[in-house]
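# Working through the structure, step by step
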Amino acid sequence: MKSNIPFKLFVNCVLVKGANRSTICDLQRNDVRVIPNDLHDLLAENEGKTIDEIKKQYGNEFDEIIDEYFQFLYYNEFIFFSKQVDIFPKLSMEWADSTIINNCILDIDENSNYNILNVLQQLNDLQCRYLEIRNFKSAKIEVISNVLKFLKESESSIQSVEILLPYFNGIELWIASTQEKYVRLHFVRVFKSPFNKNIAPKGDHKLHVMFTKQDYQNELCCGKINQSFFSANMLAFTESVNFNSCLNKKLSIDRNGNIKNCPSMQYGFGSVASTKLKSVVTKNDFTKVWNISKDKISICKDCEFRHICTDCRAYLENPNDHLSKPLKCGYNPYTSEWSDWSKNPLKKEAISFYNLQAVTEKP
Amino acid sequence: MILLISSKYDVSTNNVVRWLNYYGINYVRLNTEDFNPLNHFSLSNKSSKLTINDIDISTITAVWHRRGRLRHVPNSLNNLGKVTDYLKKEEDSLVKSIETYLRSTKKYIGSYTSEVENYKLEHLMMAKECGLNIPNSIITTSKKDLIGFYNSHSQIISKDLRYPINIKTSDVSINSIGTFKVTDELIQGLDEQFAPIYAQEYIEKEFEIRVFYFERRFFSMGIFSQHDEQTQVDYRNYNTQIPNRCVPINLPLDIEKQLLSFTDKIKLNTGSIDFIYSTDERYIFLEVNPMGQFDWLSKNCNYHIEREIAKEFMEV
Ligand code: SF4
């Protein structure tokens, strides 16, 4: 530590101030530290000064606590000391992406009869890169295999496929043979499994497999906000600063073949059988939710986690307000306390509005 | 139509291609791993014509030469020992001549010739002429002179002049470790005369700077490696556990000016340039990599260099 040389925060360690406390989001090392708002203000107001100057500013009354703060910052490499503070510009918060649609969710169940290969062709025209296929109730492995085969043979823009499906006898064998054939399959989540198991990718295999005893009956299971989904990286953070952290450049087809922002949302944009995806994704009606960034969402905008958090626009605390906080978040940024969202008496009405009782009553 | 020359596996090229698609810019991509038939390169007093892989090059408006070079010797001739060596040498001169030809007729960004003729000493001389600071350097075959240089600096380092060593036979395997510190012990072990050794004063640094240069624009990044033993001499000894801090930097205007005259001098329109910012507050030029990577730099600084490159071809 050099107390007589100006300090500067590394620009990829971004301060985010909340109502009650703040975070340092380390976008390079994917790390998040909660700090008191006092420290946030101290940093925001004094960057470019020396520690000695700051101490003096406070009449040398708080030397000890200032030292403690700076040791924490220096030890974690959030700050550095240099006389050249002026040559380090701010980090650009621009988010840019070369696709028209970046990611897509396709829901299928036993009654789905939309033409999935036709959808894939259209997704290719939209430069879509990530695909998630969700099977509720029964596994449609034939459909999935057809999709993977199509992607392999067509040089599609889709780079990565994720699958959700229920457990069946022999599923492990099926996964093993599928992973051999299709390198674009990156994630398989098996629910209603007799066991919990996590198989991380290794060596040449990029596939991550997760078995869970949980049951995902339908799209109502989506939209939970959980600290384990937080991620502090440049792409996600800058996207969240500018756009919605769930729906931006997303397109979905629900199990009935309706085009939607997300399968859980009420509003649809026509059936995929009769409507071209391209004509939907250029409509302002479709893209306007992309712009709902966390800074516009009530309560979230006061939360210190807002730019590392996911979002949900399908299940809202106040179903009548499209800028309302996600229903399935149990965090209160004014008290800094986490609680179980499904047990919160204030959310009862919204829970029954969305028919979520069945989901919340599960263990 | 834009022509891209690159490796199949180059991530940066794939990213730029996505942006070309986004902007609706037409391109053809030739990969350096493949055999690219040369239909003809014909020259006469009246005209000249070039067709590669059935692409009439006169329809090409600009070239982005990202990596490597094209192969015009059929794969079937790849295993003929000394004959292959000879054919490759001939091929090399052909490829360079084609580059010269294209350069004189169209926008051509990147260069195979610069990549192979990336002579560090020449660049040091040019950088010095442009007013940039360079480290004290010596190339010597004599132990006595090396010791003299060693004794007049607090510490010295050594690196290769052009090619990192990489020799693998049945009984030896020698691999370059990049830049390393020269110790007493190392010098003691040397003979009186040896093959030329390239040594430089070790410069105590505040941070390193990697500059990606593209068509008169600079994208610069500061790399803070000093706290970390593993990367103190050469930041390319990546510490993947805790990556060095990498942040955007604005080079001072006078340094940018000097760099521009330097790139003009060595006829470079794209490449990576390494600097050190020393603890005694000087910007010191180290070296150039004409086909250096920028993916890492673009991501860390959120520069969107891939998009900027694609845009460069929008105007042509
Ligand atoms: S209040 Fe909840 S949903 Fe909103 S940003 Fe904070 S953690 Fe995320």
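Residues numbered from 1 in each chain as written. Chains lettered and ligands numbered in written order. Predicted model: local features only at pLDDT ≥ 70, side-chain atom pairs only at ≥ 80, totals over all residues. Heavy atoms only, no water.

## Some points on the pattern of salt bridges
Residues and elements named next belong to chain A.
- Under the criterion given, the structure shown has 41 salt bridges over all chains.
- Here Glu47 and Lys8 are joined by a salt bridge, their closest N and O atoms 3.5 Å apart. Here the residue Glu47 occupies a position in the loop between α1 (37-46) and α2 (51-57), and Lys8 occupies one in strand β1 (residues 7-9), the gap between them amounting to 39 residues.
- Take Lys8: its relative accessible area is 13%, and that puts it in the buried class.
- Two residues, Glu304 and Arg21, come together in a salt bridge whose shortest N-O distance is 2.7 Å. (Salt bridge = Lys/Arg side-chain N within 4 Å of Asp/Glu carboxyl O. Helix = DSSP H or I, 4+ residues; strand = E, 2+ residues; numbered from the N terminus. Buried < 20%, exposed > 50% of the residue type's maximum accessible area, 1.4 Å probe, protein only.)

## Some details on the sheet that holds strand β4 (residues 31-36) of chain A
Residues and elements named next belong to chain A.
- Read across the sheet, three strands follow the order β2-β3-β4 without closing on themselves; strand pairing throughout is antiparallel. Single-partner strands in this sheet number two, and they are β2 (13-17) and β4. Each neighbouring strand pair of the sheet contributes to a mean axis angle of 25 degrees, computed without reference to strand direction. (Pairing = 2+ DSSP bridges. Axes fitted to C-alpha atoms, helices over the stretch in contact; angles between N-to-C directions.)

## Looking at the sheet that holds strand β2 (residues 27-31) of chain B
Residues and elements named next belong to chain B.
- Strand order in this open sheet of four strands is β2-β1-β6-β7, and the pairing throughout is parallel. Taken across any chain shown, the strands that pair with only one partner, and hence form the sheet edges, are β2 and β7 (107-109). Each strand of the sheet is rotated relative to its neighbour by a mean of 15 degrees, with strand direction disregarded.
- Of the pairings in the sheet, the one linking strand β1 (residues 2-6) to strand β6 (residues 62-65) comprises four bridges and is parallel in character. If you follow Ile2 over to β6, its bridge partner there is Ala62.
- Relative to the sheet, helix α1 (residues 11-23) contacts β1, β2 and β6, its axis offset from that of β2 by approximately 165 degrees. (Contact = heavy atoms within 4.5 Å.)

## Re the environment of Glu317 of chain A
- Mapped onto the elements, Glu317 of chain A comes out in the loop between α9 (284-287) and β14 (331-332).
- In sequence terms Glu317 of chain A and Lys347 of chain A are 30 residues apart; their C-alpha atoms lie 6.4 Å from each other.

## Structural notes on the interface of chain B and chain A
- Taken residue by residue, the interface counts 25 residues in chain B and 32 residues in chain A.
- Linking chain B to chain A there are three salt bridges.
- Put simply, Glu94 of chain A and Arg307 of chain B hold a salt bridge, and the shortest N to O gap is 2.7 Å.
- Remark: the boundary between chain B and chain A carries 16 residue pairs in polar contact (both at pLDDT 80 or more).
- Where the side of chain B that touches chain A is concerned, the elements lending two or more residues are α1, β14 (205-214), β16 (245-249) and α8 (295-301) of chain B.
- Broken down by element, the side of chain B that touches chain A gets its largest block of residues, five residues, from β16 of chain B.
- The residue inventory of the side of chain B that touches chain A, partitioned by class, reads 13 nonpolar, six polar and six charged. (Polar contact = N/O pair within 3.5 Å; in protein donor to acceptor, adjacent residues only side chain to side chain. Nonpolar A, V, L, I, M, F, W, Y, C, P; charged D, E, K, R; others polar.)

## Points about the domain arrangement of chain A
Residue and element names in this part refer to chain A.
- Taken domain by domain, chain A comprises domain 1 (7-86) and domain 2 (103-358).
- Each of domain 1 and domain 2 has a C-alpha centre, and these two points are 37 Å apart.
- With 16 residues of domain 1 in contact, the opposing surface of domain 2 contributes 17 residues.
- Counting across the domain 1 and domain 2 interface gives one salt bridge.
- At the boundary of domain 1 with domain 2, the tally comes to eight residue pairs in polar contact (both at pLDDT 80 or more).
- When residues of the side of domain 1 that touches domain 2 are traced back to their parent elements, those giving at least two are β2, β3 (21-26) and β4. (Domains from an automatic or database assignment.)

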